[in-house]
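Listed below are the residues making up each chain.
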Amino acid sequence: SSSKLSSLVASRCGLSGDLIDLSSIRTLNRSSLRFIQESQLAKSLLHLDISNNSIEFVEALPPNAHVRIAFNKVKLRLAKGVLTQAFDEAFELDLRSTPLADFGEARQLFYAGKLKQTRFFGQ
């Protein structure tokens, strides 16, 4: 039987760079050095906390996970559709005090009534 990783906390670890689509990770067969299957990480992960780091880009969010990217130290770019997916699929996405590089999708969600304005909206 295999165990599955359900929680990953890497807050304040000095992480930087991109959060790739976790479903694109492949499992390597060590004996043949060939990729044999898709990783189950994206499906098994229920909690991902990468807050207080310098994440630059989010390609995709793991489904069914509470994702925390709060207090990010650099402007965060989100792949097109990431915010909409989070709302449509009822993801828990914490972006408190995280500066966004682009407000286009957030603005659309605001006008659709899915986001509420705070005193920091658009700054």
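A quick note: this is a predicted structure, and the numbers were derived from the prediction, not measured.

Let us look at the pairing of strand β6 (residues 54–58). The buried count for β6 comes to four of five residues, which makes it a mostly enclosed element. Bridging between β6 and strand β8 (residues 77–78) involves two bridges; their strand directions are parallel. Bridge pairing in β8 places Val 58 opposite Leu 78.

A few words on the sheet that holds β8. As summarised here, the arrangement of the three strands in space is β2-β6-β8, forming an open sheet in which the pairing is parallel. Unpaired on one side and paired on the other, β2 (16–19) and β8 mark the two borders of the sheet.

Backbone geometry at Asn 64 places phi at a positive 70°, although glycine is not the residue there. Relative to the elements of secondary structure, Asn 64 occurs in the loop between β6 and β7 (66–68). You can call Asn 64 exposed: its relative accessible area is 61%. At Ser 97, a residue that is not glycine, the phi angle is positive and equals roughly 55°. Residue position: Ser 97 is located in the loop between β9 (92–94) and α3 (104–111). Using a relative accessible area of 55% as the deciding quantity, one classes Ser 97 as exposed.

What follows covers α3. Residues separated by three or four positions in an α-helix point in the same direction, a consequence of the helix having 3.6 residues per turn. Regarding α3, the residues found buried are Glu 105, Ala 106 and Leu 109. Axial view of α3: buried residues confined to an arc of 100°, hence all on one face. Set apart from the buried face of α3 by more than 90 degrees, the exposed residues are Gln 108 and Tyr 111. Against the buried residues of α3 lie α2 (82–88). Once α3 finishes, Gly 113 follows within two positions and takes phi at roughly 85°, a positive value.

Rules used throughout
- Residues numbered from 1 in each chain as written.
- Predicted model: local features only at pLDDT ≥ 70, side-chain atom pairs only at ≥ 80, totals over all residues.
- Heavy atoms only, no water.
- Buried < 20%, exposed > 50% of the residue type's maximum accessible area, 1.4 Å probe, protein only.
- Helix = DSSP H or I, 4+ residues; strand = E, 2+ residues; numbered from the N terminus.
- Pairing = 2+ DSSP bridges.
- Arc of directions from axis to C-beta.
- Contact = heavy atoms within 4.5 Å.

Keep in mind these numbers describe shape, not what the thing actually does.
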